[in-house]
Amino acid sequence: ATSRLLVNYPEPYRSEILDYLFKPNFGASLHILKVEIGGDAQSTDGTEPSHMHYENDENYFRGYEWWLMKEAKKRNPKIKLIGLPWAFPGWIGKGENWPYDYPDITAYYIVSWILGAKQYHDLDIDYIGIWNERAFSSKYIKLLRYTLDKHGLEQVRIIASDRLWEPISFVMMIDSELHGVVDVIGAHYPGTKTVQNAILTGKKLWSSEDYSTFNNDVGAGCWARILNQNYVNGNMTATIAWNLVASYYEELPFGRCALMTAQEPWSGHYKVESPIWITAHTTQFTQPGWSYLQVDGHLEGGGSFVALTDGLGNLTIIIETMSHNHSKCIRPPLPNFNVIPQRATFYLKGSFYMVQTLQVWHSRLDFESGNSSLFQQLHPLQVWRGRFSLDLNVDEVYTLTTLKTGWKCGYPEPPPPQPFPSIYNDDFNIRNPPFSEAPNFADQTGVFEYFVNASDPGDHVFTLRQVVVQRPITWVSDADQTISVIGNFKWVNMTVTCDIYIEKPRDGGVFIAGRVDNGGIYVRDSKGVFFWVFADGTYRVTGDLAGKEILMKGLAGVRDNAWHTLTLNIQGNSASGLLNGYPLWENVTISKPGNGWAALGTRSFEFAQFDNFHVE
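Residues numbered from 1 in each chain as written. Predicted model: local features only at pLDDT ≥ 70, side-chain atom pairs only at ≥ 80, totals over all residues. Heavy atoms only, no water.

1. Quick look at the domain arrangement of the chain
With domains assigned, the chain is organised as domain 1 (31–160) and domain 2 (424–615). On the domain 2 side, the residues contacting the 34 residues of domain 1 number 24 residues. Roughly 2100 Å² of surface becomes buried between domain 1 and domain 2 when both sides are summed, with 53% attributable to carbon and sulfur atoms. Broken down residue by residue, the surface that domain 1 buries against domain 2 is led by Gln42, Thr47 and Tyr54, which jointly contribute 26%. (Domains from an automatic or database assignment. Contact = heavy atoms within 4.5 Å. Buried area = accessible area lost by both parts, 1.4 Å probe.)

As structure tokens, then:
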């Protein structure tokens, strides 16, 4: 759920951000885009909607991943696409929190997503994963291959298991059928190392999720180091960064752990961070299908180099000399090592002996003054009789290449940063919305979608509706309630107003909230000020999403299948609530949290509608 806020950036800024990410020879020029196959459940920074909320339901226009893949392909038709589920809708497990009891259903569900990508968006998915950082089932993987082939998707390759090198590598060694259907072994955060069994399989080895580090210059150092050393130390020929672009509220888990930052659609502000230009050192001078030369890429004074060729005479060498403290990734812990200034001499042999000039691109991360020099073209380097030398300082990246295509592009400065608007309204009155979700709402459990209320002749034809009615097969501990957050995490005093419509009789219920202090993988622990009304006519005020810390309760007279207006006012250490414009409760003392988002949601996984949302 990391691209959530990107979709409602105004133009031209949205296109500029996408150009920096995907346009060849422009910025990051990415080779791979990996997306979540939405499963209606929390996947780190929010929930992404499934293409099949219910068994009899199929919709290939939900969420933002279809759009993102199309934008990437529009800029680079050769980009490779990968899909991977983090979670699954509840019906797939028939009530169990497990996707492998009915592997034929799970395979059908995943293959439907791949077929839908082609049918509705003309997108060819290149690789498909199993279940992010969770158990794999050999039986399911074999059935997935069979189901893909049955639907004419022989070209879709399987990557497994997006966790650790083991046990997948060991199981592939002893199960020849499994070995035959897994094309790539993908490990997460491998620390540049692999294991013997993985090498013995003879399969491609990928770091299929890595980086995840705050995107300052240390993050850039981490990224530079692992892009090289994942191959040098671990034979990995692809490295995939979580995540693409920080387009989610920064106070959610792992804020700004992305290649660049675009978390303010309301202002248009974004920032091309240094990891973008570190990426360019590799991506602008190689392509999928190039081969790594099998040389020992460790430099004597510390640091590393890799060399790649297209097999047609082109050569690209990437050198990094990142020091330990300036290249720590978020995980795993980094053992100590030393890097010193050094002179490195390279010898080109065989067909490369004839190379006379190499183009030079250079970055130097400057941790003293903060004036880093990023992706600058230097004078070409003369190669004499297949030999050249280079003086390397610490915390540098060099690309030496026969290609003359590199380019450092730029757009004018985007608008300056602005906080989220202090007065914000959404009446959800949009006939053909470009996306299924209302802008800026970040669902943290459940899925909130635009809804056309055909049965309502009055003011509530176009609403926002919570649509997940069964607990999904979760990836982390989603809340037992549904919740979507919005606004500025630093907000203290606020008034939240919303029209609400409970659809579930007897034990249905909804809330509006302020000062909500948590989301993402920690959503179960969210505290704040929550104003609930229930179908049985009662109300509650609680200090937590779980509803355990009751601050006030009583009778409200709200009923299901009728519209009511809730207003929550929080000032200093006191809160009050109105129902349909009349005071219902007041002078409730609030101790903490002292700030947080506004939010709305439901008591359980149940249908409910919201309209005319207003926060001030």
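2. So, empty space enclosed by the protein
It is the rolling of a water-molecule-sized probe over the atoms that shows where space remains empty. Inspection of every chain in the model, using the stated rule, returns four cavities of 30 Å³ or more. Around the largest cavity, the lining residues are Glu36, Gly38, Glu48, Pro49, Ser50, His51, Arg62, Gly63, Tyr64, Glu65, Trp66 and Trp113. Of the residues belonging to the lining of the largest cavity, the class tally is four nonpolar, four polar and four charged. (1 Å grid on protein atoms, 1.4 Å probe; cavity = no way out; pocket = protein on both sides within 12 Å on 5 of 7 lines; lining within 4 Å. Points joined across faces, edges and corners; volume = space filled by probe spheres on them. Nonpolar A, V, L, I, M, F, W, Y, C, P; charged D, E, K, R; others polar.)

3. Digging into the sheet that holds strand E6 (residues 204–211)
Spatial strand order, E1-E2-E3-E4-E5-E6-E7: seven strands in an open sheet with parallel pairing. On the outer flanks of this sheet lie strand E1 (32–37) and strand E7 (239–242), each paired with one strand and no other. Note that strand E2 (residues 80–85) and strand E3 (residues 127–128) share two bridges and pair parallel. Bridge pairing in E3 links glycine 83 to isoleucine 128. Sitting on the sheet, helix H2 (residues 65–75) is in contact with E1 and E2, with an inclination near 170° to E1. (Pairing = 2+ DSSP bridges. Helix = DSSP H or I, 4+ residues; strand = E, 2+ residues; numbered from the N terminus. Axes fitted to C-alpha atoms, helices over the stretch in contact; angles between N-to-C directions.)

4. A few points about the state of the cysteines
Per the counting criterion, the structure on display carries one disulfide. We note that cysteine 257 lacks a disulfide partner, and the nearest cysteine sulfur, in cysteine 222, lies 9.7 Å from it. (Disulfide = S-S within 2.5 Å.)

5. What about the environment of asparagine 230?
Its location among the elements puts asparagine 230 in helix H8 (residues 217–232). Apart from the residues within four sequence positions on either side, asparagine 230 is in contact with Pro190, Thr192, Ser207, Asp210, Asn235, Met236 and Thr239. In terms of polar contacts, asparagine 230 uses its side chain to reach the side chain of threonine 239, at 3.0 Å. (Polar contact = N/O pair within 3.5 Å; in protein donor to acceptor, adjacent residues only side chain to side chain.)

6. Some remarks on the nonpolar core
Ranked by internal contacts, the top residues of the largest apolar core, which has 106 residues, are Phe22, Leu33, Ile128, Ile141 and Leu144. Here this core spans two domains, since at least three of its residues come from each of domain 1 (31–160) and domain 2 (424–615). With sequence-adjacent residues up to four places away left out, phenylalanine 22 is seen in contact with Ser29, Leu30, Leu33, Leu68, Ala72, Arg75, Asn76, Ile79 and Leu244. Of all hydrophobic cores here, the second largest spans 63 residues; its members include Ala442, Cys498, Ala575 and Phe610. (Core = buried A, V, L, I, M, F, W, Y, C linked by side-chain atoms within 4.5 Å. Buried < 20%, exposed > 50% of the residue type's maximum accessible area, 1.4 Å probe, protein only.)

7. Re the packing of aromatic side chains
Applying the stated criterion across every chain yields a total of 43 aromatic pairs. Measuring from centroid to centroid gives 6.0 Å for phenylalanine 428 and phenylalanine 441, while their planes differ by 50°, and the two rings are tilted. Note that phenylalanine 428 is positioned in the loop between strand E19 (424–426) and strand E20 (442–445) and phenylalanine 441 in the loop between E19 and E20, a separation of 13 residues in sequence. Like phenylalanine 441, phenylalanine 428 is buried. Among the aromatic residues, those joined into a cluster by ring pairs are Tyr20, Phe26, Tyr270, Trp277, Phe285, Trp361, Phe375 and Tyr411. Geometry around tyrosine 102 places lysine 94 over its ring, the cationic atom sitting 4.3 Å from the centre. Its guanidinium or amino end placed over the ring of phenylalanine 451, arginine 465 lies 4.3 Å from that ring's centre, counting from NZ or CZ. (Phe/Tyr/Trp six-rings, centres within 6.5 Å; stacked < 30°, edge-to-face > 60°. Lys NZ or Arg CZ within 6 Å of the ring centre and 35° of its normal.)

8. Quick word on the side chain of histidine 362
With respect to the helices, strands and loops of the structure, histidine 362 is situated in strand E15 (residues 357–364). Within the structure, the side chain of histidine 362 is placed 2.9 Å from the side chain of glutamate 396, a separation counted as a polar contact. If we ignore the near neighbours within four places in the chain, the residues touching histidine 362 are His281, Ser373, Leu374, Phe375, Gln376, Leu378, Glu396, Val397 and Tyr398.

9. Let's talk about the pattern of salt bridges
Counting across every chain of the model gives 22 salt bridges. Among the salt bridges present, the one from arginine 62 reaches glutamate 449, with a minimum N-O distance of 3.4 Å. Taken together, the residues span a long stretch of sequence, with arginine 62 in the loop between E1 and H2 and glutamate 449 in strand E21 (residues 448–452) at a distance of 387 residues. Judged on exposure class, the residue arginine 62 and its partner glutamate 449 are both buried. A salt bridge links glutamate 273 to lysine 271, with the shortest nitrogen-to-oxygen separation between them at 3.2 Å. By relative accessible area, glutamate 273 is classed as buried at 5%. Lysine 271 sits in the partly exposed class, given a relative accessible area of 45%. (Salt bridge = Lys/Arg side-chain N within 4 Å of Asp/Glu carboxyl O.)

10. Side note on the pairing of E15
Here E15 lies mainly inside the structure; six of its eight residues are buried. Looking at chain direction, E15 and strand E16 (residues 373–382) are connected through six bridges and run antiparallel. Opposite threonine 357, over in E16, you have glutamine 382 as the bridge partner. Where E15 meets strand E18 (residues 396–401), six bridges bridge the pair, whose relative direction is antiparallel. Counterpart to valine 360 in the pairing with E18 is leucine 400.

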